[in-house]
Amino acid sequence: MPRRRRLIVTDVDSTFLTQEVIELIAEHAGTREEVAAVTERAMRGELDFAASLRERVATLAGVPASALDAVREAVVLTPGAAELTAEVQRRGWELGLVSGGFAEILAPLAASLGITRWRANRLEVADGVLTGRTVGPVVDRAYKEATLREWASELGLSMADTVAVGDGANDLDMIGAAGIGVAFAAKPLVRAQAPYSIDGPRLDDVLRVIDEVDAAERARA
């Protein structure tokens, strides 16, 4: 029986990457501790994501846009992220990244791994510095789910063929909508609600979950 095609969509900060990118940028603004505290509350589901993003990005006003070069150098892939990407591509599946972080960091990272499907927030820059605002739609939990559905439709896949992976409350809608929803090294709220959970540290353990689900389905067929 041929392996079914799948679309895997994963969160980025603290899932595909080990860090929260906004905290790396905040380091350059001297607001990292303040931003990290708000991020933690947002990921636990205690704060509205869009409002928390506005609050955190506002602290970045005045940071030189050139500081983003240093942030790009500082990001670290989660163990198994590159291997997951390579195996998904080898299988002829699709991998997408959807991030409450920023396109300025994600675009070159995705390109380096051959990932063409990604969505993220965009930082507003004026006169070479960050304004403390974003431009365009905010990538919140509803936007993440909508993106998963949009990409599945584009690929001619049913939602049963989709996999969503994330760690925070912002990922719950797409985890709930996917055929296989996986909490990865997740906050307690997400772990409690996701159908599948991986403690980490390797992101490519997602493949084991998918393969086990597929094997169980074949056994029932």
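Residues numbered from 1 in each chain as written. Predicted model: local features only at pLDDT ≥ 70, side-chain atom pairs only at ≥ 80, totals over all residues. Heavy atoms only, no water.

### Some words on the environment of Val-165
Along the chain, the position of Val-165 falls in strand E5 (residues 162-166). Using a relative accessible area of 1% as the deciding quantity, one classes Val-165 as buried. Measuring from C-alpha to C-alpha, the distance between Val-165 and Thr-10 comes to 4.6 Å, with 155 residues separating the pair along the chain. Setting aside residues no more than four positions away along its own chain, Val-165 makes contact with Ile-8, Val-9, Thr-10, Asp-11, Thr-15, Met-174, Val-182, Phe-184, Leu-203 and Val-206. (Helix = DSSP H or I, 4+ residues; strand = E, 2+ residues; numbered from the N terminus. Buried < 20%, exposed > 50% of the residue type's maximum accessible area, 1.4 Å probe, protein only. Contact = heavy atoms within 4.5 Å.)

### As for the sheet that holds strand E7 (residues 196-198)
Within a sheet, adjacent strands bond to each other through the backbone by hydrogen bonds, running parallel or antiparallel. Read from one edge of the open sheet, seven strands run E4-E3-E2-E1-E5-E6-E7, paired in mixed fashion. Either end of the sheet is taken by a strand with one partner, and the two such strands are strand E4 (129-135) and E7. Pairs of neighbouring strands in the sheet enclose a mean axial angle of 25 degrees, with direction left out of account. Relative to strand E2 (residues 94-102), strand E1 (residues 7-10) is paired through four bridges, and the arrangement is parallel. Looking across to E2, one finds that Val-9 is bridged to Gly-96. Sheet strands touched by helix H11 (residues 205-220): E1, E5, strand E6 (180-184) and E7. Its angle to E7, the strand with the most contacts, is close to 150 degrees. (Pairing = 2+ DSSP bridges. Axes fitted to C-alpha atoms, helices over the stretch in contact; angles between N-to-C directions.)

### Overview of unusual backbone geometry
Cis geometry is found at the peptide bond from Gly-200 to Pro-201, where omega equals 10 degrees. Tracing the sequence through the fold places Pro-201 in the loop between E7 and H11. Despite not being glycine, Ala-185 shows a phi value in the positive range, around 40 degrees. Within the secondary structure layout, Ala-185 lies in the loop between E6 and helix H10 (188-193). You can call Ala-185 partly exposed: its relative accessible area is 36%.

### Some words on the side chain of Thr-85
With respect to the helices and strands, the residue Thr-85 is situated in helix H6 (residues 81-90). Judged by relative accessible area, which is 1%, Thr-85 ranks as buried. In this structure the side chain of Thr-85 is engaged in a polar contact, spanning 2.9 Å, whose partner is the backbone oxygen of Ala-81. Setting aside anything within four residues of it in sequence, one finds Thr-85 in contact with Phe-16, Leu-95, Leu-113 and Ile-115. (Polar contact = N/O pair within 3.5 Å; in protein donor to acceptor, adjacent residues only side chain to side chain.)

### Here we look at the pairing of E6
Burial of E6 is extensive: five of the five residues sit out of reach of the surface. Residue alternation in E6 divides its side chains into two sets, Ile-180, Val-182 and Phe-184 and Gly-181 and Ala-183, and both sets are buried. Sheet analysis places E5 next to E6, joined by four bridges and oriented parallel. Counted as the bridge partner of Gly-166 is Ala-183 from E6. For the segment spanning E5, helix H9 (residues 172-177) and E6, crossover handedness is right-handed. Assessed by its sense of winding, the connection that carries the chain from E6 through H10 to E7 is right-handed. (Right-handed = clockwise from strand over helix to strand, strands pointing away.)

### A closer look at the pattern of salt bridges
Taken as a whole and assessed by the stated rule, the structure comprises 23 salt bridges. Between Arg-4 and Glu-217 there is a salt bridge, with the nearest N and O atoms lying 2.6 Å from each other. One end of the pair, Arg-4, is in the segment before E1; the other, Glu-217, is in helix H11, and 213 residues separate them in sequence. Arg-4 sits in the partly exposed class, given a relative accessible area of 24%. Residue Asp-173 pairs with Arg-141 through a salt bridge whose shortest N-O separation is 3.0 Å. With Asp-173 in helix H9 and Arg-141 in helix H8 (residues 141-155), this residue pair connects regions lying 32 residues apart in the sequence. Each of the salt bridges in this network shares a partner with another, and the network as a whole consists of Glu-87, Arg-90, Arg-91 and Asp-211. (Salt bridge = Lys/Arg side-chain N within 4 Å of Asp/Glu carboxyl O.)

### Things to note about the side chain of Gln-19
Inspection of the secondary structure puts Gln-19 in the loop between helix H1 (12-16) and helix H2 (21-27). Side chain to side chain, Gln-19 and Thr-18 meet in a polar contact 3.4 Å long. Among all residues touching Gln-19, those that are not within four sequence positions of it are Asp-13, Ser-14, Leu-24, Ala-74, Val-75 and Val-76.

Honestly, it's all geometry; don't read function into it.
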